[in-house]
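The primary structure of each chain is shown beneath.
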Amino acid sequence: MSQSMTRRSFVKRGTGAAVAAAALGGGFVSFGDWSTAHADEAASAEVKQVHSLCNSCSSKCGFTAHVVTGRVRTMIGDAEHPYCDGTLCARGYGYADIAYSEDRLTNPLKRTDSGAFEAISWDDAIKEIAEKIKRIVEDDGPQALAMIQDPRPSGSYYTKRFMNALGSANVYTHGVACNMSKVSGTMQALGVGDFTSDVANANMVVFLGRSYADGIRPSSLHMLKEAHDRGVHLVMVDPRQNASCLYVDEWIPIRPGTDLAFILAMANVLVSEDTYDHDYIANYTEGFEDWAARLPEYTPEWAAKITGIPAETITRLAHELWEAAPAASIEQGWRASFGCSHKNSGETARALCLFNTLLGCWGAEGGAVFYPSVSAGKLEDPRFAAPPAPAEKIVGAKEFPLAAASMGVSTYALQQIEEGAVKGVIFYQSNCVGGYSNPKQLDEWVRKAELSVAIDVQMTETCAACQYVLPDTSYLERLEIPEFVGGKVPVVALRDRVLDKIHPETKPVDEIFSELGRACGVGQYFDFTVDELADAQLATVGLSLAQLQKEGIATFPEKAYKPAPKTTWGTPSKKVQFTSEACAKAGFTPSPTWVEPLVMPEEGQFRLIGGKQTIHTHTQTANIASLMAISEMYGLERPWINADVARELGIEDGDEVEISSDVFTGKTRIKVTERIEPTSIYLPSHYGRMIPEQHVSYGIGLSQMDFVPFHIEPGYGGTMAQETVVTVKKAGE
């Protein structure tokens, strides 16, 4: 099979991906002139427009909802929102159906001794949960409680405030299953967790598994298309030919878990040939000599044996990046191939940052940049004063010293239920059990907890494992605190109430945690409404709640991004760290070196990889009928296998196959394709839902995470979600 594929050949072979890319770019839904199309209807109906934020993923794109007689009829992306750039993605449009879903949670539930759930009143639920919380705090201390939440504006604020008020620092995000390793490795090199490749203005960009067309933010895809149209040299290095390859010049298949070797070899080329930004290295970095001394063994020929990429291709790409610099970079990757995927993910992120440093691209137009942001100022009203800082650090900080503290290692916290160190766990909009590694193991631990509570809009695998399930309102039915968003022009946006409450016994997050706070004896930290809090935060930037409700988004043009070399960093030395004392203490070399993946395929085995699709975000959107209908129409739930490999195994496209790992075996139909390298099986990561109460998604496809053993990346804390190998055979053989 060819080791790379051009844009022309992709367009001929990649029809499904092209359709998917069009969906994210706005081809899935086109509203046109809404007022004209609905003029007759509007004349006789109650019509209103409300600005809000999507909730199909953590990007929270801004939109304007057109509501007719209490029903959302259209959603139009806000042009000024940095993430959507005027267009919502397919999942954003589809996920609005969650408000009307027949599978909505409508009452508080409690697990009975028989294992079934029964309805319980809010008063009883709050009372019983609070009593258990107080007993755990009294007997074992506040560190015996953990909170796992998927960051949303009010959710992030209220969950942390509630736990800190109780004295616990144990507030975890979904980071371990998303971008924990990427952020943590980047922090070690740069002292900051994220950067942005200025794709639209670049001369060249290399992506390591990051697919804007399969990803989350429409504005990123718009930027990719703009770069493609302008002739930017775009390269996708990925085991599979993802949907973004519609817009790139070449696809270079790489064996999973070997991106670090690829980066080290390209760095070897630049340093050995003395082609790097000497001035930047001399003035704004430390420890370069250590890395330079380690690189000679990482030749392109060495990397070719590990990655499957020819040595001449590695050398060529290194040369091309240097020639394109400083308007060139390796894109940061987010989840992609090293966000949380392998044993070497954190070190891959660190090496990526150091390679970009060789290019001198930090802050350069077309290079790797840092967009400005704005945040709320200090609130003088004593009602909003923060609780005292917890006395102890978040559980897992000692064991995973490189993990970003703002995310925390949630899977380790759940493991501590087995050890008896954690007694109670609360989940807010987090399907941790269904979406992280080894759901069977996580389910077992949650069920062993003295207290387990899930707050969500529909029954999930996590809800099913808990003792109490509390029904949240849908995102369309609640006001949340302002969302400050960085970008070329930073903004503040608002999620407002688009609909009246549909189910009377559901409650928004602010009310739930305020009531729990009062019942737990820390009500003094919740003596305000979300409206009052939002108004107070906005006042610190010269705005009001009423103003933002009317406008939806407020921009800060005076803070607009201006290209300028970045010379000061958030590291202890204020320089880019080629060497890291923290990494050395955690057992890594001071500067990045090759770390082999945890498992490697043997004869007859394949590495199982996952990834997003244009119409789904992890498990959250799986139970949406309109989105799942697209999956079933095109067979998007099918895993991919390389065509040459399939031929050797006697497998044809559409055959039912049996896929097995050490921890799980499942059957499904398969997709035979040339768009994946031969050592990999790709399984989309959001199917295989096993909750009968999710009537749309139940039993469709397989869950990638079922095949993954429970393990945690050393030092960095990621789930190592692609550290598993599988066998594949035709079902019945």
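Numbers given to residues run from 1 along each chain, matching the order in which its sequence is written. The predicted nature of this model means local features are confined to residues of pLDDT at least 70 and side-chain atom pairs, given and counted, to a pLDDT of 80 or more, with totals for whole chains, interfaces and linings taken over all residues. Side-chain figures throughout are based on the complete set of non-hydrogen atoms in the structure, without hydrogens or water.

Brief notes about the side chain of R104
Part 1 of the argument: Secondary-structure assignment places R104 in the loop between α5 (90–95) and β5 (109–111).
Part 2 of the argument: Three labels apply to residues, based on accessible area from a 1.4 Å probe with only protein chains included: buried if under 20% of the type maximum, exposed if over 50%, partly exposed otherwise in between. Owing to a relative accessible area of 6%, R104 belongs among the buried residues under this scheme.
Part 3 of the argument: Only heavy atoms enter the contact rule, under which two residues are in contact if any of them lie within 4.5 Å. The contacts of R104, once residues within four sequence positions are left out, are I98, A99, V457, D472, T473, S474, E477, I502, H503 and T506. Secondary structure elements follow DSSP: runs of H or I of four or more residues count as helices, runs of E of two or more count as strands, with numbering from the N terminus.

As for helix α18 (residues 439–448)
Part 1 of the argument: Within α18 the residues assigned to the buried category are P439, L442, W445 and V446. End-on view of α18: buried residues confined to an arc of 130 degrees, all on one side of the axis.
Part 2 of the argument: Summarising the contacts, the buried residues of α18 are in contact with α16 (410–419), β16 (424–428), α17 (432–435), β17 (451–456) and α19 (461–465). The directions considered for the arc are those from the helix axis to the C-beta atoms.

Description of the environment of D653
Part 1 of the argument: Within the secondary structure, D653 is located in the loop between α25 (643–649) and β25 (656–660).
Part 2 of the argument: Classification of D653 as partly exposed rests on a relative accessible area of 46%.
Part 3 of the argument: C-alpha separation for the pair D653 and C61, spaced 592 residues apart in sequence, amounts to 37 Å.
Part 4 of the argument: Beyond its immediate sequence surroundings of up to four residues, D653 is in contact with R638, I670, K671 and V672.
Part 5 of the argument: Polar contact is the term for a pair of N or O atoms within 3.5 Å; when the atoms are in protein, one must be able to donate a hydrogen and the other to accept it, and sequence-neighboring residues count only if both atoms are side-chain atoms. Reaching out from D653, the side chain makes a polar contact with the side chain of R638 at a distance of 3.4 Å.
Part 6 of the argument: At 2.9 Å, the side chain of D653 and the backbone nitrogen of V672 are in polar contact.

Topic: empty space enclosed by the protein
Over the atoms rolls a probe the size of a water molecule, and its path tells where empty space is left.
Part 1 of the argument: Grid points spaced at 1 Å over the protein atoms alone were grouped into cavities, where a 1.4 Å probe fits but cannot get out, and pockets, open sets with protein on both sides within 12 Å along at least five of seven lines, with lining residues defined by an atom within 4 Å of a point. Grid points are joined across faces, edges and corners, and a volume is the space filled by probe spheres set on the points. In total, this model carries two cavities of 30 Å³ or more according to the counting rule given.
Part 2 of the argument: In this structure, the largest cavity encloses a volume near 470 Å³.
Part 3 of the argument: Along its surface, the largest cavity is lined by 31 residues, and D150, N431, H618, T619 and Q620 are the ones closest to its centre.
Part 4 of the argument: Lys, Arg, Asp and Glu make up the charged group, whereas Ala, Val, Leu, Ile, Met, Phe, Trp, Tyr, Cys and Pro make up the nonpolar group; the residues left over, Gly among them, are polar. Here the lining of the largest cavity is composed, by residue class, of nine nonpolar, 18 polar and four charged.
Part 5 of the argument: As for the second largest cavity, its lining consists of C54, S56, C57, S59, K60, C61, L88, C89, G92, I216 and P218.
Part 6 of the argument: Counted by class, the lining of the second largest cavity contains seven nonpolar, three polar and one charged residues.

Let's talk about the packing of helix α10 (residues 259–272) against helix α13 (residues 300–307)
Part 1 of the argument: Every angle, taken between N-to-C directions, lies between 0 and 180 degrees, and every axis is a line fitted to C-alpha atoms, over only the stretch in contact when it is a helix. Running from N to C, α10 and α13 cross one another at 165 degrees; their axes reach a closest spacing of 9 Å. In this view, α10 runs roughly antiparallel relative to α13, as classed from their interaxial angle. The crossing of α10 and α13 is left-handed. Packed against α10, whose contacting residues are A261, F262, A265, N268 and V269, the element α13 presents P300, W302, A303, I306 and T307 at the interface.
Part 2 of the argument: Of the residues belonging to the contact of α10 with α13, the class tally is eight nonpolar, two polar and no charged. Roughly parallel covers angles under 35 degrees, roughly antiparallel covers those over 145, roughly perpendicular covers 65 to 115, and oblique covers all other angles. Left-handed describes a crossing in which the near helix is turned anticlockwise from the far one by less than a right angle; the clockwise case is right-handed.

Some points on the pairing of strand β26 (residues 665–669)
Part 1 of the argument: Only one face of β26 is covered, namely the one carrying G666 and T668; the face carrying T665, K667 and R669 has none of its residues buried.
Part 2 of the argument: Think of it this way: DSSP has to see at least two bridges between two strands before they count as a pair. Taken together, the five bridges between β25 and β26 define a ladder with antiparallel strand orientation. For I659, the partnering residue across the bridge sits in β26 and is G666.
Part 3 of the argument: Between β25 and the antiparallel strand that follows it, β26, lie four residues.

Considering the sheet that holds strand β20 (residues 491–493)
Part 1 of the argument: The three strands are arranged β19-β20-β21 in an open sheet whose pairing can be described as antiparallel. Each of the sheet's edge strands pairs with one partner strand only, and the pair in question is β19 (483–485) and β21 (553–555). The sheet shows a mean angle of 20 degrees between the axes of neighbouring strands, direction not considered.
Part 2 of the argument: Where β20 meets β21, three bridges bridge the pair, whose relative direction is antiparallel. For V491, the partnering residue across the bridge sits in β21 and is T555.

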